[in-house]
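Analysis of the macromolecular model
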Amino acid sequence: RHVQFPLVWRKKKSKQLVEFLESYNLVKSSRLCLCVQCDDVVESSVWMNQTKDSSDWGLQSHTCYECTEHICQDCEAGFCQDCRKQFCEDCCTMKICEMCYS
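In this report, we go over the structure that sits alongside the text. No experiment lies behind these values; they were computed from the predicted model shown.

1. Here we look at the overall build of the protein chain
When helices and strands are counted, the protein chain shows two helices and two strands. Along the protein chain, helices (α) and strands (β) appear in the sequence α-α-β-β when read from the amino end. Per-residue burial over the protein chain gives 35% buried out of 102 residues. Within the protein chain, contacts between residues separated by at least 24 positions form 43% of all contacts whose residues are at least 6 apart in sequence. Surface accessibility of the protein chain: about 6700 Å² in total, with carbon and sulfur atoms responsible for 50%.

Quick look at the structure:
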């Protein structure tokens, strides 16, 4: 349900990790995943970010980092730019995490 790689791995972008992300996106896209908030189908072909030169490269999207449930783009409570995590509304009632205030 949820995959999280160490920052050092994401920065290195090894051939094996790139191949894994491609395979993961392919398999995950072929499955029916429902949003924990609205029960709509989460339609995405990119579950693991592979945008070249992006600081989000290798991060999983459409998945709450706390409960590991799927969340659609309309129901995403937010993505913290400091801790680089995404949460559903049930797990993160505030829109910005405490790290953002420091």
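Picking up where we left off.
2. A word on the nonpolar core
If you look at the biggest cluster of nonpolar residues, it comprises 13 residues, and the most contacted ones within it are Phe5, Leu21, Val42 and Met48. Ignoring any residue separated from it by four or fewer positions in sequence, one finds Phe5 in contact with Arg10, Leu17, Phe20, Leu21, Met48 and Gly58. Among the nonpolar cores identified, the runner-up in size contains seven residues, and Cys64, Ile71, Phe87 and Cys92 belong to it.

3. Quick notes on unusual backbone geometry
Not every positive phi belongs to a glycine, and Asp39 is a case in point at roughly 65°. Structurally, Asp39 can be placed in the loop between helix H2 (15–29) and strand S1 (78–79). Positive phi, close to 65°, is recorded for Thr68, a residue that is not glycine. Here Thr68 is to be found in the loop between H2 and S1.

4. Observations regarding the environment of Val3
Relative to the assigned elements, Val3 resides in the segment before helix H1 (7–12). Relative accessible area serves as the criterion here: at 19%, Val3 is assigned to the buried category. The spacing of Val3 and Trp47 is 44 residues in sequence and 10.0 Å in space, taken between C-alpha atoms. Ignoring any residue separated from it by four or fewer positions in sequence, one finds Val3 in contact with Phe20, Tyr24, Met48 and Gln60.

5. Let's talk about a negative patch on the surface
Residues Asp39, Asp40, Glu43 and Asp74 make up a contiguous surface patch of negative charge. Its place among the elements puts Asp40 in the loop between H2 and S1.

Scoring rules and cut-offs
- Residues numbered from 1 in each chain as written.
- Predicted model: local features only at pLDDT ≥ 70, side-chain atom pairs only at ≥ 80, totals over all residues.
- Heavy atoms only, no water.
- Helix = DSSP H or I, 4+ residues; strand = E, 2+ residues; numbered from the N terminus.
- Buried < 20%, exposed > 50% of the residue type's maximum accessible area, 1.4 Å probe, protein only.
- Contact = heavy atoms within 4.5 Å.
- Areas by Shrake-Rupley, 256 points an atom, 1.4 Å probe, with all protein chains shown as cover.
- Core = buried A, V, L, I, M, F, W, Y, C linked by side-chain atoms within 4.5 Å.
- Patch = residues over 30% accessible without salt bridge, like charges linked within 9 Å, V, L, I, M, F, W, Y side chains within 5 Å.
- Salt bridge = Lys/Arg side-chain N within 4 Å of Asp/Glu carboxyl O.
- Lys, Arg positive; Asp, Glu negative; His and termini not counted.
- Charge placed at Lys NZ, Arg CZ, Asp CG, Glu CD.

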